[in-house]
Structures are given as structure tokens and as C-alpha cells.
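# Examination of the molecular architecture
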Amino acid sequence: MTSEQPLTADSGGRRELNKRATRTAISTAALSLARAHGPGGFTVDQLADEAGISRRTFFNYFPSIEAALTRPVEEFLEGAFAQLYDRPADEPIMDAVLATLGGDVSQEQMALLCEIYAMGEDDPQLERMQLQVWNKAQQKLEEGLHVRLPRSESDLLINSLAGALIACGQAAMREAAAETAGRSPDAGSFQKHLLVSIGMLRTGFNSLSKDS
């Protein structure tokens, strides 16, 4: 799942194609080095060498190593939002969310989210960057919901819904990462927990014990 549509030399231009390829190469190199040395175990110069670019080129695309590492998280969230907003306008919003995340979702991207999250548990800078990415995503989701939902809906409802959906995603990712600690990330586990979490939100968490 990604918000970026395929580009051709005619539609997007050769320059945009090259930019996308460079951005992907940097992010891929960052992930490769993080797997080998840990997210804090290499320098920008080493990353630039791995990606086949100059140090200056790196900073033209990313402000930090952590930003390059979290690019797959941004891509996943951007793609999810794009698919959500493409759902039928009259479809109830929670039905639309569940249909989006239960449909054609990139298992590779979901596994990467869990892997990057797990890396952040041992690296405060990467953890902070991930929080920034999710906070930015919540703001974008609020903007999109303002467009998709009826104008009669209050800011409080929309902002609360966006925050709750983001929280469900983070909780599901933490659960999946904990289950696969020391092993390869399980995208299926993340998707399962994500759908369950959002399903509980949809029903107002009525599955909670009334005695608790």
C-alpha cells in the first residue's frame, strides 16, 4: 500500500523518477545498515556510501538517519489514508477503515513497520522520530476526515476519531512487535491486531469486562 502512483517519463518526468529512486535507495540502505549494526551504529557518510550517493545528496532528501529509516512508516500511512479516502463517500467511516485495512494491504510494508518499531525500542532518537511521524499522520488524518465526513460533524469528534485510530495502529504494532521479538516481523500478526483493535473502537470497547 502506498500513496505514490507509478510515474512515467511522460506523466511525472524523468527528474521525479530519479528523485523517487534516490529516496528509495537511501531508505533501503539505511534499513540494511540498521539491521547489520543497529539504528545508531553507523554514520551518514557510511549510509551515503551504501546508497551510492554523496553526503550532500543525503541531506537534500532527509534531515537525519532516523528520518530515512522511518520513511517506510510514512509511506504506509500515506497509502492507507489515500485508500480510505477513495472508499465510497456514503460508507460509514468505521466500515471504510476496516475495509481499507482488511483489503489490499502490503504485507511487506506492515512487516517493516513492526521491524522499525522494534528498532526504536533500543534507540531513543529513532523512537522520537517515529513519534513525530505518527503525530504528523494524525494531523493529516484529521484534515482528511474533515473533508470526508459531513460538515455537521464537530472538530472534537473528528480530532478524537483521528487520535483513536492512530492509537489503535500504534497499539497493534506494539503487540505484533512483542509477539515476534527476536524473530522476523509477522505482518499477519500486525494486521490481525490492527483489525481487532479498530473493531473494538467501532463497538465502543464493549468487549471490556463490566466488572473491571
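Structural data are supplied above this passage.
Residues numbered from 1 in each chain as written. Predicted model: local features only at pLDDT ≥ 70, side-chain atom pairs only at ≥ 80, totals over all residues. Heavy atoms only, no water.

Now for the packing of aromatic side chains. The final tally for this structure, using the stated rule, is 4 aromatic pairs. Where Phe76 meets Phe190, the ring centres are 6.5 Å apart and the plane angle is 45 degrees; that geometry is what we call tilted. Highlighted residues: Phe76 in helix H5 (residues 71-85) and Phe190 in helix H10 (residues 187-202), separated in sequence by 114 residues. Judged by its relative accessible area of 3%, Phe76 is buried. Ring pairing ties together the aromatic residues Phe58, Phe59 and Phe62, which thus form one cluster. (Phe/Tyr/Trp six-rings, centres within 6.5 Å; stacked < 30°, edge-to-face > 60°. Helix = DSSP H or I, 4+ residues; strand = E, 2+ residues; numbered from the N terminus. Buried < 20%, exposed > 50% of the residue type's maximum accessible area, 1.4 Å probe, protein only.)

Roughly 150 Å³ of volume is contained in the second largest pocket. Every residue along the wall of the second largest pocket is listed here: Tyr117, Gly120, Glu121, Glu127, Gln130, Leu131, Trp134, Gln170, Met173 and Arg174. Those elements that place two or more of their residues in the lining of the second largest pocket are helix H7 (107-120), helix H8 (124-148) and helix H9 (155-179). Broken down by element, the residue count for the lining of the second largest pocket peaks at 4 residues, all from H8. (1 Å grid on protein atoms, 1.4 Å probe; cavity = no way out; pocket = protein on both sides within 12 Å on 5 of 7 lines; lining within 4 Å. Points joined across faces, edges and corners; volume = space filled by probe spheres on them.)

Here we come to helix H2 (residues 44-51). Looking at H2, one finds that the buried residues are Val44, Leu47, Ala48 and Ala51. Projected onto a plane normal to the axis of H2, the buried residues spread over an arc of 100 degrees and lie on a single side. (Arc of directions from axis to C-beta.)

Here the focus is empty space enclosed by the protein. Counted under the stated rule, the structure contains 2 cavities of 30 Å³ or more. Here the largest cavity defines a volume of roughly 230 Å³. Forming the boundary of the largest cavity are 16 residues, of which Leu77, Ala80, Phe81, Leu101 and Leu165 lie nearest the centre. Taken together, the elements giving at least two residues each to the lining of the largest cavity come down to H5, helix H6 (93-101), H8, H9 and H10. Among the elements that take part in the lining of the largest cavity, H5 stands out by supplying 5 residues, more than any other. Partitioned by chemical class, the residues of the lining of the largest cavity number 14 nonpolar, 2 polar and no charged. Approximately 60 Å³ is the volume attributed to the second largest cavity. If you go around the second largest cavity, the residues you meet are Glu74, Leu77, Glu78, Phe81, Val133, Lys136, Ala137 and Lys140. (Nonpolar A, V, L, I, M, F, W, Y, C, P; charged D, E, K, R; others polar.)

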